[in-house]
Amino acid sequence: MPVEVTWWGHATCTVEDSNTRVITDPLFARRLAHLRRRRGDVPPAYACRAEVALISHLHADHLHVPSLERLAPGTRLLVPRGAPQSVPGVRRLAHLELTEVAPGDEVALGDLRVQVVPARHDGRRLPFGPHRSPALGYVVEGEARTYFAGDTGLFEGMAGEVGRVDVALLPVGGWGPYLGAGHLDAGRAAEALARLAPATAVPVHYGTYWPVGMDAVRPHEFHAPGDEFARLAALRAPDVAVHRLEHGGSVRVEAAR
């Protein structure tokens, strides 16, 4: 049975595997603080439907409480360890089945197994939150092994921590003209792809939100990362099929067995 990946924008994807829908870092807002959605419609209501939601870290564009409130009662929610203490809104999500996780944990979800892996990123709730919760990536294993990197920089041992994967959902940009430490730009994401060597990759975390008033400031940083990633991936990881999806677009992937 093929696995289907849908990209809704930013870091929000739906992975359908083994008749189970997994959603990553749900963000269904038209505007978030100083960020405005500049490309792609806000995901439709059915995008909220999932059995499992995965949260990579506590930044508000990844752990967005109003979006989580839209998930159906009984949805499993995996969050970094300590999230309820750092983000009081998480404690109000009583309709969800909350599980706190850390790197090395494994969670069985029906026919799926979710492996929690490290990420190299500032995982605290900004701007003043304590360094209490780790930033995470996840490997969803069913018919395929799908790696959702969250936000991360390159790090030694990445391939060993993640293991064999069929599909990699990799961040390739940001929401501003500059990326600091703990991020993948198009070049670093292509290097990560060479290390991980999946069959398929989907670039995410670019071309969706942009700060208000910055339309004329380095606009290529908003539009270009997906195409640049595809170009560099063809050079550094030519055996990987890169699918640069439009917002709301999907790809079906046959798992390599």
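Located above this text is the structure these notes cover.
Structure report, in brief. Everything numeric in this text was worked out from a predicted model, so none of it was measured. (Residues numbered from 1 in each chain as written. Predicted model: local features only at pLDDT ≥ 70, side-chain atom pairs only at ≥ 80, totals over all residues. Heavy atoms only, no water.)

## Digging into the sheet that holds strand E16 (residues 241-242)
Within a sheet, adjacent strands bond to each other through the backbone by hydrogen bonds, running parallel or antiparallel.
Here is step 1: Taken in spatial order, the seven strands line up as E9-E10-E11-E12-E13-E14-E16 in an open sheet, and their pairing is mixed. In the strand order of this sheet, the two ends are held by strand E9 (106-109) and E16, each with one partner.
Here is step 2: Both strand E10 (residues 112-118) and strand E11 (residues 136-141) contribute to a ladder of six bridges, which runs antiparallel. Its bridge partner lying in E11, Val116 is registered against Tyr138. (Pairing = 2+ DSSP bridges. Helix = DSSP H or I, 4+ residues; strand = E, 2+ residues; numbered from the N terminus.)

## Examining the pairing of strand E14 (residues 200-204)
Here is step 1: Most of E14 is tucked away: five of the five residues are buried.
Here is step 2: Residues Thr200, Val202 and Val204 line one face of E14 and the alternating positions Ala201 and Pro203 line the opposite face, and both faces are buried.
Here is step 3: Where strand E13 (residues 167-171) and E14 come together, five bridges link them in parallel fashion. Considered in E14, the bridge of Ala168 is made with Ala201.
Here is step 4: Two elements, E14 and E16, share two bridges in a ladder whose sense is parallel. Each residue of the ladder has a partner; that of Ala201, found in E16, is Val242. (Buried < 20%, exposed > 50% of the residue type's maximum accessible area, 1.4 Å probe, protein only.)

## Considerations on helix H6 (residues 225-236)
Here is step 1: The terminal C-alpha atoms of H6 lie 16 Å apart, and with twelve residues this matches the ideal 16 Å at 1.5 Å per residue to within 8%.
Here is step 2: Burial in H6 covers these residues: Pro225, Gly226, Phe229, Leu232 and Ala233. The buried residues of H6 occupy one face: seen down the axis, they fall within an arc of 130°. (Expected span 1.5 Å × (residues − 1). Arc of directions from axis to C-beta.)

## Brief notes about the packing of aromatic side chains
Aromatic ring pairs are reported here in terms of the distance separating the ring centres and the angle at which the planes meet.
Here is step 1: A full pass over the atoms with the stated rule returns three aromatic pairs.
Here is step 2: Ring geometry for Trp7 versus Tyr206: centroids 5.3 Å apart, planes at 15°, classification stacked. Here Tyr206 lies in the loop between E14 and strand E15 (209-211) and Trp7 lies in strand E1 (residues 3-9), a separation of 199 residues in the sequence.
Here is step 3: Judged by centre distance (5.8 Å) and plane angle (70°), the ring pair of Trp8 and Tyr46 falls under edge-to-face. Of this pair, Trp8 sits in strand E1 while Tyr46 sits in the loop between strand E5 (35-37) and strand E6 (52-54), and the two are 38 residues apart along the sequence.
Here is step 4: Judged by its relative accessible area of 6%, Trp8 is buried. (Phe/Tyr/Trp six-rings, centres within 6.5 Å; stacked < 30°, edge-to-face > 60°.)

## A word on the packing of helix H4 (residues 186-196) against H6
Here is step 1: Here H4 crosses H6 at 40°, and the two axes come no closer than 8 Å. Taken together, the axis directions place H4 and H6 in an arrangement best described as oblique. In the packing of H4 onto H6, the handedness of the crossing is right-handed. Counted together, Ala186, Gly187, Ala189, Ala190, Glu191, Leu193 and Ala194 of H4 and Pro225, Glu228, Phe229, Leu232, Ala233 and Arg236 of H6 form the full contact between these two elements.
Here is step 2: Tallied by class, residues from the contact of H4 with H6 come to nine nonpolar, one polar and three charged. (Axes fitted to C-alpha atoms, helices over the stretch in contact; angles between N-to-C directions. Parallel < 35°, antiparallel > 145°, perpendicular 65-115°, else oblique. Left-handed = near helix turned anticlockwise from the far one by under 90°. Contact = heavy atoms within 4.5 Å. Nonpolar A, V, L, I, M, F, W, Y, C, P; charged D, E, K, R; others polar.)

## A few points about the pairing of E1
Here is step 1: The element E1 is extensively covered by neighbouring structure, given that six of its seven residues are classed as buried.
Here is step 2: Both E1 and strand E17 (residues 249-253) contribute to a ladder of five bridges, which runs antiparallel. Across the sheet, residue Trp7 finds its bridge partner in E17, namely Gly249.
Here is step 3: Bridging between E1 and strand E2 (residues 12-17) involves five bridges; their strand directions are antiparallel. Across the sheet, Gly9 pairs through a bridge with Thr12, a residue of E2.
Here is step 4: Hairpin connection, E1 to E2: the antiparallel pair is bridged by two residues, and His10 has positive phi, about 55°.

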